[in-house]
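Descriptive structure summary
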Amino acid sequence: PEENVRQSILQWLVEEHLYPHHLIAVEVPIKVGSTPKRCDAIVYNKEMQPLMLIEFKAPSVAITQEVFDQAAIYNRQLNVPLLLLSNGQTVILARVTKEGYQYLPSIPAYTELSPNT
């Protein structure tokens, strides 16, 4: 189920929003404190700087504040400007700002994320 969500969302990003598939990494290892964790997916620019952190959940798992907080904790290590959370039914996209988070109504095209590509 979560794997299906991952495949469909990544395919949607590549096909509908023109995200280069070779700049999307899945199962990216990170450390939270001294604990090894994994990020479901990260979208990079051509310089391999992370642009978007993606967290996938199974369709039966609601996208709650707890899920958002998990992505935010991971992002403390990565400092990615955008967070995308999805269970296949709900997609939440938030831009990280100095004040907190700005929720976006739609997924930006890859060229909007990384204008120099």
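Because the structure is a prediction, the values reported are computed rather than measured.

The next point concerns the overall build of the protein chain. Helix and strand counts for the protein chain come out as 3 helices and 6 strands. Along the chain direction, N to C, the helices and strands of the protein chain fall in the order α-β-β-β-α-β-β-β-α. For a compact globule of 117 residues, the expected C-alpha radius of gyration is about 13 Å, and the protein chain comes in at 13 Å, within 12% of that figure. For the C-alpha atoms alone, the extent of the protein chain along its principal axes is close to 35 × 30 × 25 Å.

Counting across every chain of the model gives 3 aromatic pairs. Here the aromatic rings of Phe68 and Tyr101 are separated by 4.7 Å at their centres, their planes lie at 90°, and the arrangement is edge-to-face. Remark: Tyr101 occurs in strand 6 (residues 100–103) and Phe68 occurs in helix 2 (residues 65–78); sequence separation between them is 33 residues. On the accessibility criterion, Tyr101 (36% relative accessible area) is partly exposed. Between Phe68 and Tyr103, the ring centres sit 5.8 Å apart and the planes meet at 50°, which makes this aromatic pair tilted. One end of the pair, Phe68, is in helix 2; the other, Tyr103, is in strand 6, with 35 residues separating them in the sequence.

Here strand 1 (residues 24–32) pairs with strand 2 (residues 35–44) via 8 bridges, running antiparallel. Bridging from a neighbouring strand, Ile24 pairs with Val43 of strand 2. Taking the residues between adjacent antiparallel strands as the criterion, strand 1 and strand 2 are bridged by 2 residues, where Gly33 takes a positive phi near 65°.

Attention shifts here to the confidence of the model for the protein chain. Keep in mind that low pLDDT regions are not for reading the predicted coordinates in detail. Predicted confidence across the protein chain gives a mean pLDDT of 90, with 96% of residues reaching 70 or more. Mean pLDDT across the secondary structure elements of the protein chain bottoms out at helix 3 (residues 110–113), with 86, and peaks at strand 4 (residues 82–86), with 95.

Rules used in this analysis
- Residues numbered from 1 in each chain as written.
- Predicted model: local features only at pLDDT ≥ 70, side-chain atom pairs only at ≥ 80, totals over all residues.
- Heavy atoms only, no water.
- Helix = DSSP H or I, 4+ residues; strand = E, 2+ residues; numbered from the N terminus.
- Rg over C-alpha atoms; globule rule 2.2 N^0.38 Å.
- Phe/Tyr/Trp six-rings, centres within 6.5 Å; stacked < 30°, edge-to-face > 60°.
- Buried < 20%, exposed > 50% of the residue type's maximum accessible area, 1.4 Å probe, protein only.
- Pairing = 2+ DSSP bridges.
- pLDDT = per-residue confidence, 0-100.

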